[in-house]
Amino acid sequence: MNNRFSVLFFVAGIIGLASCKNNDEVFAPVVSTYLNVVNASADTLNFYLNGTRQNNSSSLYPTGQSLYLTVPAGQQNYQFKKAGAFVNLFSVPLNLKDSTDYSLYVYGASASQTFTTTDVLLTYTAHPDTTQIRFVNISPDAGSLNVAIGDTLSFSSQAFKSSTPFGLTGGGLKEVKITQVGAVTPLKDTIITFQPGFTYTLFSKGLLNGKGNAAFGIGIALNVNPNVN
């Protein structure tokens, strides 16, 4: 009888030790990063991560954006669908670093027609009326572009699928001209209001001979809104 109790206590002790060991197990922390999806295509889109829709508040209409969403860092596969569709339009793999700001630009209906930037946002507080703007060229057939924003900020010879750093200028109404390198007449010449203290991406979109949402145009994505923490 005593031997039987000894065996039971021994087994119970082993189980208890195993239980403590499992409870003390250290799990790898889940790391996250930040992704802003900008729709420069002609279609209204939804995007998904592992089958879960990420832009839950509304679909991404042409020139619309998700703003920065918290997503898992590392290798992930994102799926895109046209609004109202059940079948994936395409999937795009992204390997994103921890705690970094990214933008993904979609300008067509395949993974090859996307473009990703790492968004190095400036910290500039000396003048609260200063606006930060960069330019991204995602117009497939427009060639290299020159961009003038007012009389204080310009970007030269920006090739397709390239991004400038953020530049500093004052806020307010700005004349924006986009011209092909070597040309005199702008492809676009318009007035845009840039709010002081905000950070923007100005991007070209569409095709030179495109129609409707596929026509060449200018889009604006918001990178930082100082009124939102």
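Residues numbered from 1 in each chain as written. Predicted model: local features only at pLDDT ≥ 70, side-chain atom pairs only at ≥ 80, totals over all residues. Heavy atoms only, no water.

A look at the environment of Val-31
- For Val-31, the location among the structural elements is in the loop between α1 (2–23) and β1 (32–39).
- Residues Val-31 and Ser-99 lie 68 residues apart in sequence; the distance between their C-alpha atoms is 7.8 Å.
- Once residues lying within four places of it in the same chain are set aside, the contact partners of Val-31 are Pro-72, Ala-73 and Asp-98. (Helix = DSSP H or I, 4+ residues; strand = E, 2+ residues; numbered from the N terminus. Contact = heavy atoms within 4.5 Å.)

With respect to the sheet that holds strand β3 (residues 52–53)
- Spatial strand order, β3-β2-β5-β6: four strands in an open sheet with antiparallel pairing. In the strand order of this sheet, the two ends are held by β3 and β6 (90–96), each with one partner.
- Pairing of strand β2 (residues 45–49) with β3, which is carried by two bridges, proceeds in the antiparallel orientation. Considered in β3, the bridge of Leu-49 is made with Thr-52. (Pairing = 2+ DSSP bridges.)

Points about unusual backbone geometry
- The backbone of Asn-50 shows a phi angle near 50 degrees, a positive value even though the residue is not glycine.
- By secondary structure assignment, the location of Asn-50 is in the loop between β2 and β3.
- Even without glycine at this site, Ser-157 takes up a positive phi of about 50 degrees.

As for the pattern of salt bridges
- Inspection of the entire model under this criterion finds one salt bridge.
- Here Arg-134 makes a salt bridge to Asp-119, at a shortest N to O gap of 2.8 Å. One end of the pair, Arg-134, is in strand β9 (residues 130–137); the other, Asp-119, is in the loop between β8 (114–118) and β9, with 15 residues separating them in the sequence. Each member of the pair Arg-134 and Asp-119 is classed as buried. (Salt bridge = Lys/Arg side-chain N within 4 Å of Asp/Glu carboxyl O. Buried < 20%, exposed > 50% of the residue type's maximum accessible area, 1.4 Å probe, protein only.)

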